[in-house]
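# Descriptive analysis of the structure
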Amino acid sequence: MNVDTGRGSDKGGESIAAFNRSPTCVHGRQTRPGFMLKCDMGWLDRIASKISAELSVPTLSEDERAQLALALGYLDRGDLLEAEARLGQLLSERPRDADVLMAAGRLAWAQNDLEAAVVLHGRAVDSAPETIKAWLSLSEVLVLLGRYQPALDAARKVLALADNMMSEDGTPWRGQALWLQARVALAQDRAHDARRLLDEARAHGVADVAVAGDLARALFALDAKEAASWFLLAAKQPGASVDVVLQAARLQSDPRVAIDTLQSSIESTKASQDLLRLHACLASKFASQGDDAAVAHSLSAVS
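So, here is what we can say about the structure in this document. (Residues numbered from 1 in each chain as written. Predicted model: local features only at pLDDT ≥ 70, side-chain atom pairs only at ≥ 80, totals over all residues. Heavy atoms only, no water.)

### Focus on the overall build of the protein
Where we set the bar: Counting from the N terminus, the helices are DSSP H or I runs at least four residues long and the strands are E runs at least two residues long. Burial classes follow relative accessibility: with a 1.4 Å probe on protein chains only, a residue under 20% of its type's maximum area counts as buried, one over 50% as exposed, and anything between as partly exposed. The criterion used for residue contact is that any of the two residues' heavy atoms lie within 4.5 Å. The accessible surface values rely on the Shrake-Rupley method and a 1.4 Å probe; as for residues, cover is taken only from the protein chains in view.
Broken down by element type, the protein carries 14 helices and four strands. Per-residue burial over the protein gives 48% buried out of 303 residues. The long-range fraction of contacts in the protein, counting pairs at least 24 apart against all pairs at least 6 apart in sequence, stands at 57%. About 14900 Å² of surface is accessible on the protein, with carbon and sulfur atoms providing 50% of the total.

Listed below in structure tokens is the structure:
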């Protein structure tokens, strides 16, 4: 099986470091200089090729499993240096193990090196072509990179493999793959397709809170009244973007709901430019209610 990942201009003989181009610095953070994974970019023309039977990958030992779990624990806690140190050793010893490669792909993703994440997840599906999680992660990274056709190919692979199987958090893989297809449809301005796919994803167990932002955008593009309630749901989620919060506030017919939404976001926002935008919108909502004192207070926060 061949999957084109949209990198036709890659130079086949060029190698890259997995988690940055420099072995001693990753996005401004000092790293251990021994951790370098050379990735032959020519693999991108054959991202889903099966490894031949004579090159079967031995399973990880109990100690290696423990090291992998430790690395993932550090990764979940945001300690990328410690995660990198342990994954570096594992990768040097098990460069074709799918679980190790997926963990390294997650680390690259956390370090915002999406190109390396594509390479690592691609090698994971090379090594274990039936691994649904690797295909799903590969599809999601490709969506973030704007490589929509290969992202759809990977999502379709999930649909072909998943049947009714569930992920670790209890969400059916099929629903996750449909959600990724919907995100591609949104990026391509296919709002009707996005809405249909999001409805299917929800029917297959994806939580409303997870898809709220994407569904709100699809409905807004379709001039659907329901967009306001979905933007509001999305705005209430931890880590909601300022753009989502502002759109939710603008669409609310009840000014008090808009004000409460903005004030809640202001409490959790640190970036100065984002705070300026939130306070300016808040001031306009207070003005619509004739609350001059509140308007003055909001404007003082942005002056």
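### Observations regarding the packing of helix α12 (residues 255–268) against helix α13 (residues 272–288)
Condition: A fitted line through C-alpha atoms represents every axis, and for helices the fit uses only the stretch in contact; the resulting angles, taken between N-to-C directions, go from 0 to 180 degrees. The cut-offs work like this: below 35 degrees is roughly parallel, past 145 is roughly antiparallel, 65 to 115 is roughly perpendicular, and the gaps in between are oblique. With the far helix as reference, a near helix turned anticlockwise by less than a right angle produces a left-handed crossing, and one turned clockwise produces a right-handed crossing. Each residue gets one of three labels, nonpolar for Ala, Val, Leu, Ile, Met, Phe, Trp, Tyr, Cys and Pro, charged for Asp, Glu, Lys and Arg, and polar for the others, Gly among them.
Where α12 contacts α13, the two axes come as close as 10 Å, and the packing angle between them is 155°. Accordingly, the angle class assigned to the pair α12 and α13 is roughly antiparallel. Between α12 and α13 lies a crossing of left-handed hand. For the pair α12 and α13, the contacting residues are P255, R256, A258, I259, L262, Q263, S265 and I266 in the first and L275, L278, H279, C281, L282, K285, F286 and S288 in the second. Within the contact of α12 with α13, the residues separate by chemical class into 10 nonpolar, four polar and two charged.

### Here we look at the side chain of D97
Our working rule: His is not counted here, nor are the chain ends, while Lys and Arg score as positive and Asp and Glu score as negative. The term salt bridge refers to a side-chain nitrogen of Lys or Arg lying within 4 Å of a carboxyl oxygen of Asp or Glu.
Structurally, D97 can be placed in the loop between α2 (80–93) and α3 (98–110). For the buried D97, which has no salt bridge, the nearest side chain bearing the opposite charge is R65, at an N-O separation of 4.9 Å.

### Quick look at helix α5 (residues 132–144)
This is how the line gets drawn: Multiplying 1.5 Å by the residue count of a helix minus one yields the expected span of that helix.
End to end, α5 covers 19 Å across 13 residues, agreeing with the expected 18 Å (1.5 Å per residue, within 8%). α5 sits mainly inside the fold: 10 of its 13 residues count as buried. If you check which residues of α5 are buried, you get I132, A134, W135, L136, S137, L138, S139, V141, L142 and V143. If you follow the buried residues of α5, they end up packed against α3, α4 (114–127), α6 (148–162) and α7 (173–187). Looking one or two residues past α5, G146 carries a phi angle of roughly 80°, positive in sign.

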